[in-house]
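# Survey of secondary and tertiary structure
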Amino acid sequence: MNRLLGRRQTTSSGHTSPDTMSLPGSASPPDVGVDISSTDYALRRRELMKMMSDLKSMGAEALIDLPSVVVIGGQSAGKSSLVEAVSGINVPRDSGTCTRCPMECTMSSYATSWSCTITLRMGFDNNGKDMPNTVTVPFGRTITDRSEVEVWLRRAQAAILNPNVPSSSFHKKTIEELRSLKNTLKFSRNVVCVSIEDPDATDLSFYDLPGLIQNEEAETVALVKSLAEHYTKKENTIILTTIPMSGVLTKPDTLGAGAINQRRKWVEIIEGRSEDHTLRHGFYCVRLPDDAERTQRLSRAESQRRAAEYFDTTSPWNSVTDRRRFGIPGFVSDVSRLLIQLIEEALPRLREDIDKLLAQCNKEFDALPPPLANDPQIEVLGRVNAFCDVFKGFVNGSHEDKILAQRNRALYAIFKRDIRGTAPDFRPLENPEECPPLDDTQGKMTLTERDPGVKMMGIYDISKAIQEAIGWELPNNVPYQAKANLIAQFVKLWIAPSERCLAGINDVLDQVIDTLISVHFGRFKVLEGYVGNLIRTQVDICKALTKEAVKIALDLETTPYYTQNTHYLQTLSEKWLAYYKSVLSDIVSPYYRGESPESKALRALAEAGYTGLSIPDLARLIPPDSREKELIVMADVRAYYHVAYKRIIDHIPLTIEHALHHALAEQLSQSLLTSLLTDVASGHNFSERMNELVSEDASIAQKRASLSTRKQRLSDIRRRLMTFGNGT
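All values derive from a computational prediction rather than experimental measurement. (Residues numbered from 1 in each chain as written. Predicted model: local features only at pLDDT ≥ 70, side-chain atom pairs only at ≥ 80, totals over all residues. Heavy atoms only, no water.)

## Remarks on the confidence of the model for the protein
Detail in the predicted coordinates should be disregarded across regions flagged by low pLDDT. The predicted model of the protein has a mean per-residue pLDDT of 84, with 89% of residues at 70 or higher. Across residues 1–37, confidence stays below pLDDT 50; counting only partners more than four residues off in sequence or on other chains, it has 118 contacts. In this model, residues 587–593 is a region of pLDDT below 50 whose contacts with residues beyond four sequence positions or in other chains number eight contacts. (pLDDT = per-residue confidence, 0-100. Contact = heavy atoms within 4.5 Å.)

Quick look at the structure:
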């Protein structure tokens, strides 16, 4: 005899007697004595159970929380006996663990004769992972003899545990053959579905799970526990736990007459008066056939009669007021009603959950690229041409994305700053440290970033440079080589900024190219890899040519040092000479207060008719001194720097733009198409190669197929839920 604990997972508390529950929005359960099979309630119950069966066969349990009844218990807890008593069939019994996969038993009273069909619901792979589709496999013929059910259940379980073997190969195996079979899996999450048509049954569906075990390997114990948790953790689950009265609660017919305290304890528990043992839906007590009675193959009616007689004549059970708490009929009826109520309550939420899942599935499906519709050759050539056109737009700055032009302009601005930082640092004093940097002829600007290769040079340093360059010049002639040597000092500093600029430009180009390759060819991984290699090869060629072009541009700034912009050179030279003279003579003083001598001189010259003069012009009135030639060298070299500086800051960027970006944009299309068609045409099958290039990435194709299957599955489930309205 077993105690059955029935509870529904929920956050609410309190005790509710199932026989007082009604179903909102539906026909109420009929009163006792009414032919239940002919009531509106029975019709709706039958339709609800049919809908749940349909949803499970569609694989809905893997997607939404379907209401269900789950029977669990430890080994030898009487679980198999309970299942037999409820269902009216014999289930496999062996020493140790017999049930190794879930069994779903669905009973329908809408029949004129007894029959049983078995199917296999395969929704999990060998590792217990969800499969894209749940497949329902018919197993054997319709059974009309109750005595045949046990062997067919053994065969069905063997088919579940050996998924790589055709299920039909188990149809004729004997019990002895099945017992000696070495199964591939120890346990499985796939389900043996038993559908019973029985005019004497109560409409009900429940899962019978493998019994909880302890004396097995840790991995096996954890596997069975995980299987039980998978079914019992869901909110919409009514959990029936079977516990024998032996130990905590033993079989009532083995409790001796003197076990008064134990009998009183269990009466309190069954009546719901025990504070230590409280369940929302209370306890049921059933007497199940023992081994001797099972060998007699008693009918269900006879077994229930004997149980009822025992409870009605045996103390203290006959003193309990709520008689529905004893025996199988009341228990099954209450659980059936509880399940129907749970289904009714869950329907609106199930529809909402399916709508959310379907919306998310559609969103993910729509985010995938559509299947290839064009001819493969047209698709390949179209994508190549589109790539080349977009890249031209990037280079010309006509594309809406200005990243290439904007980032390159920023790098060219840095290049200009770096070249400006290579200006000669001439200071017309014997001790140049006593003079601040002179970075323009107005004394208004000081460089914030100066190339570390620039050497500060004073009058003495320039004089030394002149002396080192003297050859066979006549007296008072400054050798040209002195100026050339000083010019070479800043020209050689332009190599590093030019190389840094080109490296930065190359990095930007690589990023743009990689992005465009991904955008235009990323959908087809084979095409992306193939065309990407062709593009990057062409890019590398242009990079090498650009590097050489930049070197040539820098070489142009070496000897001979030449310019035809002689007017600008002469003007700058005069300005710098006057400025150096003014600094040397202390004419310009940034610290003078009041009207300076220069202002007085300019005012006097203006009164004399010499208008339009500025302070640097006053330096021309200073007579030459012994340092005149050093100042002239300073002024000429500094003037030439500015002429060459204005040249190089344009020449290098334009060289890069034309040798790299524009050259690549102009020749990329022809180069790609030529390489592509040559390589493809050289193969054995042009069409096959084109098909290969635009073969869709396996992960995308797999995801599309998976989402398509899931979408259809969700749509079918939604349609089935919607066909069952509240007014049905």
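## Points about the packing of aromatic side chains
According to the stated counting rule, one finds 13 aromatic pairs in the structure shown. Each ring, one from tryptophan 576 and one from tyrosine 580, has its centre 5.4 Å from the other, and the planes form 35°; the classification is tilted. Residue tryptophan 576 and its partner tyrosine 580 are located together in helix H16 (residues 566–584), separated by four residues, close to a single helical turn. Take tryptophan 576 and tyrosine 580: they sit in the same class, and that class is buried. Between the aromatic rings of tyrosine 641 and tyrosine 645, the centroid separation amounts to 5.7 Å while the plane-to-plane angle is 20°, which identifies the pairing as stacked. Of this pair, tyrosine 641 and tyrosine 645 both sit in helix H19 (residues 628–681), separated by four residues, roughly a single helical turn. A single burial state applies to tyrosine 641 and to tyrosine 645, both of which are buried. Taken together, the ring pairs in this structure connect Tyr310, Phe311, Trp317 and Phe326 into an aromatic cluster. It is arginine 100 that lies over the ring of phenylalanine 187; its NZ or CZ is 4.9 Å from the centre. (Phe/Tyr/Trp six-rings, centres within 6.5 Å; stacked < 30°, edge-to-face > 60°. Helix = DSSP H or I, 4+ residues; strand = E, 2+ residues; numbered from the N terminus. Buried < 20%, exposed > 50% of the residue type's maximum accessible area, 1.4 Å probe, protein only. Lys NZ or Arg CZ within 6 Å of the ring centre and 35° of its normal.)

## Some remarks on helix H8 (residues 300–313)
What sets the pattern is the α-helix's 3.6 residues per turn: residues three or four places apart point alike. Taking 1.5 Å as the rise per residue, H8 with 14 residues should run 20 Å; its terminal C-alpha atoms sit 20 Å apart, in good agreement. For H8, the full list of buried residues reads Ser303, Ala307, Tyr310 and Phe311. Taken end-on, H8 shows its buried residues confined to a sector of 95°, consistent with a single buried face. Residues of H8 that are exposed and angled more than 90 degrees away from the buried face: Ala301 and Thr313. (Expected span 1.5 Å × (residues − 1). Arc of directions from axis to C-beta.)

## Notes on the nonpolar core
Phe387, Phe391, Trp494, Ile535 and Ile656 are the most contacted members of the largest nonpolar core, which totals 83 residues. For this core, the element with the most residues is H19, which contributes 21 residues. In this structure, phenylalanine 387 is in contact with Ile513, Leu516, Ile517, His520, Phe521, Ile535 and Leu668, ignoring residues within four places of it in sequence. (Core = buried A, V, L, I, M, F, W, Y, C linked by side-chain atoms within 4.5 Å.)

## Here we look at the environment of glycine 504
Mapped onto the fold, glycine 504 is located in helix H14 (residues 495–521). A C-alpha to C-alpha distance of 9.6 Å links glycine 504 and tyrosine 412, two positions 92 residues apart in sequence.

## Things to note about helix H5 (residues 218–232)
With 15 residues, H5 should reach 21 Å at 1.5 Å per residue; the first-to-last C-alpha distance of 21 Å fits that figure. Within the span of H5, buried status applies to Thr220, Val224, Leu227, Ala228, Tyr231 and Thr232. Down the axis of H5, the buried set is contained in an arc of 125°. They therefore lie on one face. Turned more than 90 degrees from where H5 packs its buried face, Ala218 and Glu219 sit exposed. Along its buried surface, H5 packs onto strand S2 (68–73), strand S6 (191–197), strand S7 (204–208) and strand S8 (237–244).

## Details of the environment of leucine 673
Its location among the elements puts leucine 673 in helix H19. As a C-alpha pair, leucine 673 and leucine 381 span 292 residues in sequence and 7.7 Å in three-dimensional space. Those residues within four positions of leucine 673 in sequence are excluded, and the remaining contacts are Leu381, Val384 and Asn385.

## Let's talk about the pairing of S2
The element S2 is extensively covered by neighbouring structure, given that six of its six residues are classed as buried. Here S2 shows no split at all, with Ser68, Val70 and Ile72 on one side and Val69, Val71 and Gly73 on the other all buried. Two elements, S2 and S7, share two bridges in a ladder whose sense is parallel. The residue of S7 that forms the bridge with valine 71 is aspartate 208. (Pairing = 2+ DSSP bridges.)

## Quick look at the pattern of salt bridges
Across all of its chains, the model carries 36 salt bridges by this definition. The partner of aspartate 54 in a salt bridge is arginine 720, with the nearest N and O atoms 2.9 Å apart. One end of the pair, aspartate 54, is in helix H1 (residues 40–57); the other, arginine 720, is in helix H21 (residues 698–723), and 666 residues separate them in sequence. Residue class for aspartate 54 comes out buried when judged on its relative accessible area of 17%. Judged by relative accessible area, arginine 720 falls into the buried class, the value being 18%. Of the charged contacts in the structure, one is a salt bridge between arginine 427 and aspartate 425, with a shortest N-O distance of 2.9 Å. On the accessibility criterion, aspartate 425 (5% relative accessible area) is buried. Here the salt bridges do not stand alone but share partners, grouping Lys56, Glu61, Glu104 and Arg121 into one network. (Salt bridge = Lys/Arg side-chain N within 4 Å of Asp/Glu carboxyl O.)

## Section: empty space enclosed by the protein
A probe matching the size of a water molecule, rolled over the atoms, marks out where space remains unfilled. Inspection of every chain in the model, using the stated rule, returns four cavities of 30 Å³ or more. In this structure, the largest cavity encloses a volume near 140 Å³. Lining of the largest cavity is provided by 13 residues; of these, Pro92, Thr99, Met103, Leu153 and Gln157 occupy positions nearest its centre. It is helix H3 (residues 149–161) that contributes the most residues to the lining of the largest cavity, three residues altogether. (1 Å grid on protein atoms, 1.4 Å probe; cavity = no way out; pocket = protein on both sides within 12 Å on 5 of 7 lines; lining within 4 Å. Points joined across faces, edges and corners; volume = space filled by probe spheres on them.)

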